[in-house]
Amino acid sequence: MSSEKATGTSITRLFKFHDPSGEIYRLARSGVSVDVLVELFRGKLVEVKEVRGNVFLNEGINYIWRLARGETGLTPFGSNSCVGVGDSSAAALPAQTGLLGTNKYYKQVDSGYPVISGTQIIFQATFGGTEANFTWNEWTVANGCSDDYININRKVELLGTKASGATWILQVVLTIS
């Protein structure tokens, strides 16, 4: 007897930089890799945080199947994709359709993203010194920059409080295996 099992997993990496001049922000948005930025600006790197797990949202799973079926008129998760962050600490549930926080901010992915590597898709967005300056408790990936678009996932975990002059780079790696 054989069994089939598909698993969806997630790894999120957050790179926090002290960047009052916005130089790191500009480079990240233009597509310079995080590895290069860490090497160039090691003295401005404040913290790297890695978080595992998330909830794949029903609306996102359904939309992926609709895209696979070839439905027309759908907005793909391409360069228009956005990473959203918010301050809600309410548990993530599959029926949710976006961020729940009072404070939330969606940012279009950086140049060159998303990237597909094997069975993974990697979304990355860079938030500059004046963007999303509040406590980050939740995040999502959507095919547009608001809750009105389709969200693939939602994760709830305290990432920290972003302040003016900081550049935070959020990478969300989603895997189906």
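Scope of this entry: the structure provided in the associated data block. Predicted model, so just to flag it, every value in this text is computed and none were measured.

So, on to the environment of Trp-139. As for its placement among the helices and strands, Trp-139 is situated in strand β8 (residues 135-142). Classification of Trp-139 by relative accessible area gives buried; the value is 0%. Between the C-alpha atoms of Trp-139 and Thr-75, which are 64 residues apart in sequence, the distance is 20 Å. Once you skip the residues sitting within four places of it in the chain, Trp-139 turns out to touch Thr-12, Val-51, Gly-84, Val-85, Leu-99, Asn-153, Arg-154, Lys-155, Glu-157, Leu-159, Leu-170 and Val-172. A polar contact is formed between the side chain of Trp-139 and the side chain of Thr-12, at a distance of 3.0 Å.

Our focus in this paragraph is the packing of aromatic side chains. Think of a pair of aromatic rings as described by two things: how far the centres are apart, and how the planes are tilted against each other in angle. As enumerated under the stated definition, the model contains 4 aromatic pairs in all. Taking 4.9 Å as the distance between ring centres and 70° as the angle between the ring planes, the aromatic pair formed by Phe-127 and Trp-136 counts as edge-to-face. A relative accessible area of 0% places Trp-136 in the buried class. With a centroid separation of 4.7 Å and 75° between ring planes, the pair formed by Trp-136 and Trp-168 is classed as edge-to-face. Here the residue Trp-136 occupies a position in strand β8, and Trp-168 occupies one in strand β10 (residues 166-176), the gap between them amounting to 32 residues. As far as burial versus exposure is concerned, Trp-136 and Trp-168 are alike and both buried. Taken together, the ring pairs connect Tyr-105, Phe-127, Trp-136 and Trp-168 into an aromatic cluster.

What follows is about the sheet that holds strand β7 (residues 120-127). Read across the sheet, 5 strands follow the order β2-β1-β10-β7-β6 without closing on themselves; strand pairing throughout is antiparallel. Whereas interior strands pair on both sides, the edge strands pair on one side only; in this sheet they are β2 (45-52) and β6 (115-117). Between one strand axis and the next, the sheet turns through 15° on average, direction left out of account. When β6 meets β7, the two strands line up antiparallel, connected through 3 bridges. For Ser-117, the partnering residue across the bridge sits in β7 and is Gln-120.

Attention now moves to the state of the cysteines. Summed over all chains, the structure comprises 1 disulfide. Here Cys-82 connects covalently by a disulfide to Cys-145, the sulfurs 1.8 Å from one another. As the torsion about the S-S bond is roughly -80°, the Cys-82-Cys-145 disulfide counts as left-handed. Pair noted here: Cys-82 is in strand β4 (residues 82-86) and Cys-145 is in the loop between β8 and β9 (151-161), with a separation of 63 residues, a long-range link.

Quick look at the pairing of β4 now. The element β4 is largely enclosed, with a buried count of 5 among its 5 residues. Burial along β4 is two-sided: the face carrying Cys-82, Gly-84 and Gly-86 and the face carrying Val-83 and Val-85 are both buried. Bridge count between β4 and strand β5 (residues 104-108): 5 bridges; the pairing is antiparallel. Among the inter-strand pairings, Cys-82 is bridged to a residue of β5, identified as Gln-108. Here β4 runs beside β8; their pairing, made up of 5 bridges, is antiparallel. In the strand pairing of β8, Cys-82 is matched with Ala-142.

Thresholds applied
- Residues numbered from 1 in each chain as written.
- Predicted model: local features only at pLDDT ≥ 70, side-chain atom pairs only at ≥ 80, totals over all residues.
- Heavy atoms only, no water.
- Helix = DSSP H or I, 4+ residues; strand = E, 2+ residues; numbered from the N terminus.
- Buried < 20%, exposed > 50% of the residue type's maximum accessible area, 1.4 Å probe, protein only.
- Contact = heavy atoms within 4.5 Å.
- Polar contact = N/O pair within 3.5 Å; in protein donor to acceptor, adjacent residues only side chain to side chain.
- Phe/Tyr/Trp six-rings, centres within 6.5 Å; stacked < 30°, edge-to-face > 60°.
- Pairing = 2+ DSSP bridges.
- Axes fitted to C-alpha atoms, helices over the stretch in contact; angles between N-to-C directions.
- Disulfide = S-S within 2.5 Å.

In short, shape yes, function no, at least from these values alone.
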